[in-house]
Amino acid sequence: MKLYCLSGHPTLPCNVLRFKSTTIMLDCGLDITASLYFLPLPLVHSPRLSKLPGWVSKDGAVNLEKELKECSGRVFVDSQPEFCLPERELLDLSTIDVILISNYHCMMALPYITEHTGFTGTVYATEPTLQIGRLLMEELVAFMERVPKAHTATCWKNKDIQRLLPAPLKDAVDVCSWRRCYSMQEVNSALSKVQLVGYSQKVELFGAVQVSPLSSGYSLGSSNWIIQSHYEKVSYVSGSSLLTTHPQPMDQSSLKNSDVLILTGLTQIPTANPDGMLGEFCSNLSMTIRAGGNVLVPCYSSGVIYDLLECLYQFMDSANLGNTPFYFISPVANSSLEFSQIFAEWLCQNKQSKVYLPEPPFPHAELIQTNKLKHYPSIHGDFSSEFRQPCVVFTGHPSLRFGDVVHFMELWGKSSLNTIIFTEPDFSYLEALAPYQPLAMKCVYCPIDTRLNFHQVSKLLKEIQPLHVVCPEPYTQPPPAQPHRTDLMLELQHPPMAYRRCSVLGLPFRRRYERIHLLPELAKSLVLSEMKTGVSVATVSAVLHSKDNKHVLQVREFQNKPRPHASCHGTA
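If you're wondering where the values come from, they're calculated on a predicted model, not measured in any experiment.

**Thoughts on the pattern of salt bridges**
Move 1: Scanning the model with the defined rule gives 13 salt bridges in all.
Move 2: With a closest N to O distance of 3.0 Å, glutamate 473 and arginine 500 form a salt bridge. Of this pair, glutamate 473 sits in the loop between strand S23 (468–472) and strand S24 (497–499) while arginine 500 sits in the loop between S24 and strand S25 (504–506), placing them 27 residues apart in sequence.
Move 3: Each of the salt bridges in this network shares a partner with another, and the network as a whole consists of Glu87, Asp174 and Arg501.

**Structural notes on the layout of surface pockets**
Move 1: Computed from the structure, the largest pocket encloses a volume of approximately 1,200 Å³.
Move 2: Taken together, 47 residues line the largest pocket, and the ones lying closest to its centre are Gly8, His9, Pro10, Gln268 and Pro474.
Move 3: Tallied by class, residues from the lining of the largest pocket come to 27 nonpolar, 12 polar and eight charged.

**Looking at the sheet that holds strand S29 (residues 543–547)**
Move 1: One open sheet holds the three strands; their spatial order is S26-S30-S29, and the pairing between them is mixed. In the strand order of this sheet, the two ends are held by strand S26 (516–518) and S29, each with one partner. Pairs of neighbouring strands in the sheet enclose a mean axial angle of 30 degrees, with direction left out of account.
Move 2: Pairing of S26 with strand S30 (residues 550–554) involves three bridges; the strand directions are parallel. Bridging from a neighbouring strand, histidine 517 pairs with valine 552 of S30.

**Here's the deal with the packing of helix H6 (residues 274–290) against helix H7 (residues 304–318)**
Move 1: Two numbers describe how H6 lies on H7: the axes approach to 11 Å, and their chain directions differ by 55 degrees. Accordingly, the angle class assigned to the pair H6 and H7 is oblique. Crossing angle aside, the handedness with which H6 passes H7 is right-handed. Residues Leu278, Phe281, Cys282, Leu285 and Ser286 of H6 form the contact with H7, whose own contacting residues are Leu308, Cys311, Leu312, Phe315 and Met316.
Move 2: Broken down by class, the residue content of the contact of H6 with H7 amounts to nine nonpolar, one polar and no charged.

**Describing the confidence of the model for the protein chain**
Move 1: This prediction gives the protein chain a mean pLDDT of 89; 96% of its residues lie at or above 70.
Move 2: Note that pLDDT drops below 50 for residues 565–572; the model gives that stretch zero contacts with residues more than four away or on any other chain.

**Quick notes on empty space enclosed by the protein**
Move 1: Under the criterion given, the structure shown has three cavities of 30 Å³ or more.
Move 2: Its boundaries defined by the atoms lining it, the largest cavity holds a volume of some 470 Å³.
Move 3: The wall of the largest cavity is formed by 39 residues, among which His105, Tyr218, Tyr300, Glu424 and Asp426 lie closest to the centre.
Move 4: Of all the secondary structure elements, the ones that give two or more residues to the lining of the largest cavity are helix H3 (127–146) and H7.
Move 5: Split by residue class, the lining of the largest cavity holds 16 nonpolar, 16 polar and seven charged.
Move 6: Looking at the second largest cavity, its volume works out to about 70 Å³.
Move 7: Along the walls of the second largest cavity sit Leu312, Tyr313, Met316, Asp317, Leu321, Gly322, Thr324, Phe326, Leu367 and Lys372, which together make up its complete lining.
Move 8: Broken down by element, the residue count for the lining of the second largest cavity peaks at four residues, all from H7.
Move 9: A breakdown of the residues in the lining of the second largest cavity according to their chemical character gives six nonpolar, two polar and two charged.

**Quick look at the nonpolar core**
Move 1: Residues Met25, Ile99, Leu110 and Phe394 are the most contacted members of the largest nonpolar core, which totals 109 residues.
Move 2: Per element, the largest residue contribution to this core is nine residues, and it comes from H3.
Move 3: For leucine 110, the contacting residues outside a window of four places in its chain are Cys28, Ile99, Val123, Met137, Ala190, Leu191 and Val194.
Move 4: Ranked by size, the runner-up nonpolar core spans 26 residues in total, among them Val197, Val209, Val211 and Tyr499.

**Structural notes on the packing of aromatic side chains**
Move 1: Per the counting criterion, the structure on display carries 19 aromatic pairs.
Move 2: Ring plane angle 50 degrees and centroid distance 6.0 Å describe the contact between phenylalanine 143 and phenylalanine 402, whose orientation is recorded as tilted. Linking phenylalanine 143 in helix H3 with phenylalanine 402 in the loop between strand S20 (392–395) and helix H12 (405–412), this pair joins segments that are 259 residues apart in sequence.
Move 3: Ring pairing ties together the aromatic residues Tyr327, Tyr376, Phe383, Phe387, Phe408 and Trp412, which thus form one cluster.

Basis of the calculations
Residues numbered from 1 in each chain as written. Predicted model: local features only at pLDDT ≥ 70, side-chain atom pairs only at ≥ 80, totals over all residues. Heavy atoms only, no water. Salt bridge = Lys/Arg side-chain N within 4 Å of Asp/Glu carboxyl O. Helix = DSSP H or I, 4+ residues; strand = E, 2+ residues; numbered from the N terminus. 1 Å grid on protein atoms, 1.4 Å probe; cavity = no way out; pocket = protein on both sides within 12 Å on 5 of 7 lines; lining within 4 Å. Points joined across faces, edges and corners; volume = space filled by probe spheres on them. Nonpolar A, V, L, I, M, F, W, Y, C, P; charged D, E, K, R; others polar. Pairing = 2+ DSSP bridges. Axes fitted to C-alpha atoms, helices over the stretch in contact; angles between N-to-C directions. Parallel < 35°, antiparallel > 145°, perpendicular 65-115°, else oblique. Left-handed = near helix turned anticlockwise from the far one by under 90°. Contact = heavy atoms within 4.5 Å. pLDDT = per-residue confidence, 0-100. Core = buried A, V, L, I, M, F, W, Y, C linked by side-chain atoms within 4.5 Å. Buried < 20%, exposed > 50% of the residue type's maximum accessible area, 1.4 Å probe, protein only. Phe/Tyr/Trp six-rings, centres within 6.5 Å; stacked < 30°, edge-to-face > 60°.

This is the structure in structure tokens:
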């Protein structure tokens, strides 16, 4: 059994498992942090961004004025943002039989895999994962197509040129694997290959293995996966949570008795308590609104935003801020809010019970009915006429490189009354803000990441006791900035096997047994000899027939044929 590691990002995994003649891709996360090297895409003409000087090396030897611009003391690429794809040269991706998706954040690279590698297999995901993943892809495509860039910067990627560039561009890795965003046609084609599955549903792959999704407790429809044969079991744990939020709770017991457990997607902020971050979020928001300022919350269109709206629903009235308008701006805002209300069976028990009262499981339905929460596809159209301040705006993208958030950064960044609150942990907020400096608006970092921390995962592993654990290399050592924090790493009785991008691991897995079926007529012919009480043996003379990973012992043909009689032939 081998594991091919195609991504170096612990929370955006893409691994390929070869197990019993099947080739299984585990997630296909897309690393969007590469977009931080690019200039923002403004929806409205920005005099500031349009007048930036081009970059030329001090000695004049390298002139990339058309590709690189100097902004706020840094150099950025002036082109449509690009993303870092999973490694595509480590193995032939056309040989992949199936792709298992654990949550909607871990499927964003799917069109690159299914549409450009010769992939002919099937993708398995739960319905919420498919539908919300579709929304996130649609939103990404819309952000890019609304501000098209005719020119694509490529010269700076030349290795000889890149090493001459100022930091951080010269330190960017895997730049040759960066690609522009896919099209809506590619999204639709990729998602047409998805087959829906439910929790604990068993799917047989070519008679060799069974795969089954389990609730991971992280987001709507998020899954861990069990991959097992008759005698071996692999668990894939990705993006899981033990906290009581809106999804179904994590199924832990089904992970027991695993030969190998592949662990990814732990919290990116292990020292931050989600409840504490929610408290800070509410308090900073109320202080800004009371002072007459506006609050900008860069966020994804699904996920933590549901919990933020629920928290604010309870907080704003008690803080006497009930008349403050909330705006949710995204090309998919309406669909996202609707989906969160209709996937009742994928919610925790408390929210499921509300559906049968009947009441909406999330309070944002009431916020919409009372006009406290309004949603718009973009800043153009109705929003510009209905917009009033002070207000709270939820919009994307958290990278601050594209989407409606770019307009609000340009609009509100010059006033110290306004505040931007970062809640998504995927991007360095200092890097996200770099092209907007100097900035007068206040910046608050309240990352909310409900995924397992190291203490929780250590406790979980003690309970389920897998024989072997495989994980990303960063989980096996303290953070580089805190080398003394050995509590922020995995410490197990048997050290885990670590991987990094482009690693190929031989998993410690010895296939000892295969299940073989005897045909009834062969079973009848067996003569059993009792060796001891309860134990009998018999010799078998048969033909082993193997097809589609199913093994059958069949009676040999001559055993069924009557023996020929002796005869004499002569002529008269």
